[in-house]
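Okay, here's what each chain looks like letter by letter:
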Amino acid sequence: MKRLFVDLELCGKCQECKVTCDYMYHPQNNGITSLREYATFATICRHCEQAPCVSACYHNALERAPDGHIKRYKLRCTGCKSCSIACPFGVILQDFIPYLDSKCDYCIGRDLELPKCVATCPYKAIEIKEIEESPEQNIYFAGESLAVHTRKWSKEDILPKKK
């Protein structure tokens, strides 16, 4: 099955995202912003038990989803960036919290030769391809249509090694 593949390590090289989007309903849309947020929350977020980002959100826009991940309700979010300031690990980057919402529809199954996001990414951090999940290669699935390349955080990374 083809998936949209985002390499977050390459994606982080841009000072300002230059990617454009084919999303037909909102031509000003930049769907990569929502993809980066979703991928980061799914793979890099520490999922703190007491989640300071959730507590800091005055509008209750952040909640812990049933699967344990932090989820942002974009209609509640005012873009105040309190969550970004409260995150002790710097995971919630301020450019992830735009007031205007954007959404990616993955372009999977659409009759496009090459989606604009793939064609316009200067670092080639976005592709559509057949890919398998591989923790050894730091490739993780985030939902049905997205694969992410990043070093996933886990509690085992900080625990002392057993002898």
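Our subject is the structure that appears above.
What counts, and at which threshold
Residues numbered from 1 in each chain as written. Predicted model: local features only at pLDDT ≥ 70, side-chain atom pairs only at ≥ 80, totals over all residues. Heavy atoms only, no water. Helix = DSSP H or I, 4+ residues; strand = E, 2+ residues; numbered from the N terminus. Contact = heavy atoms within 4.5 Å. Areas by Shrake-Rupley, 256 points an atom, 1.4 Å probe, with all protein chains shown as cover. Buried < 20%, exposed > 50% of the residue type's maximum accessible area, 1.4 Å probe, protein only. Polar contact = N/O pair within 3.5 Å; in protein donor to acceptor, adjacent residues only side chain to side chain. Pairing = 2+ DSSP bridges. Axes fitted to C-alpha atoms, helices over the stretch in contact; angles between N-to-C directions. Core = buried A, V, L, I, M, F, W, Y, C linked by side-chain atoms within 4.5 Å.

Chemist: Please clarify how the overall build of the chain should be interpreted in this entry.
Modeler: In terms of helices and strands, the chain carries five helices and six strands. Considering only contacts within the chain whose residues lie at least 6 apart along the sequence, 64% involve residues at least 24 apart. Working note: accessible area of the chain is about 10400 Å², and carbon and sulfur atoms make up 53% of it.

Chemist: Can you help me understand the environment of Ala56 in this one?
Modeler: For Ala56, the location among the structural elements is in helix H3 (residues 52-56). Residue classification places Ala56 among the partly exposed positions, given a relative accessible area of 28%. Along the backbone, Ala56 and Cys87 are 31 residues apart, and their C-alpha atoms lie at a distance of 9.0 Å.

Chemist: Explain the side chain of Thr43 to me, please; I cannot follow it from the model alone.
Modeler: Within the fold, Thr43 resides in helix H2 (residues 31-43). Given the relative accessible area of 2%, Thr43 is considered buried. From its side chain, Thr43 meets the backbone oxygen of Ala39 in a polar contact 2.7 Å long. Those residues in contact with Thr43 that lie beyond four places of it in its chain are Leu8, Tyr140, Val148, Thr150, Lys152 and Trp153.

Chemist: I tried to follow the environment of Glu144 on my own but got confused; where do I start?
Modeler: Inspection of the secondary structure assignment puts Glu144 in the loop between strand E5 (139-141) and strand E6 (146-149). Given the relative accessible area of 63%, Glu144 is considered exposed. Spatially, the C-alpha atoms of Glu144 and Leu4 are 9.7 Å apart, while their sequence positions differ by 140 residues.

Chemist: Would you mind going over the pairing of strand E1 (residues 2-7) with me for this structure?
Modeler: Within a regular strand, the side chains alternate between the two sheet faces. The buried fraction of E1 is high, at five of six residues. As paired strands, E1 and strand E4 (residues 126-130) are joined by five bridges and run antiparallel to one another. Counted as the bridge partner of Lys2 is Glu130 from E4. Looking at chain direction, E1 and E6 are connected through four bridges and run parallel. Counted as the bridge partner of Leu4 is Leu146 from E6.

Chemist: Would you take a moment to explain the sheet that holds E5 for this structure?
Modeler: What links the strands of a sheet is backbone hydrogen bonding, and the strands pair in either a parallel or an antiparallel sense. Strand order in the open sheet formed by four strands is E4-E1-E6-E5, with mixed pairing between adjacent strands. Each having just a single partner strand, E4 and E5 make up the two edges of the open sheet. The mean inter-strand angle of the sheet, taken between neighbouring strand axes irrespective of direction, is 30°.

Chemist: Can you help me understand the nonpolar core in this one?
Modeler: Soluble, globular proteins show a tendency: their nonpolar side chains are buried together. In terms of nonpolar packing, the biggest core is built from 19 residues, with Leu4, Leu35, Ile126 and Leu146 touching the most fellow members. For this core, the elements supplying multiple residues, two or more each, are E1, helix H1 (8-11), H2, helix H5 (116-120) and E6. With four residues, H2 is the largest single contributor of residues to this core. Of all hydrophobic cores here, the second largest spans 10 residues; its members include Phe41, Cys53, Ile70 and Cys83.

So far we have only geometry, and geometry alone does not tell us how the molecule works.
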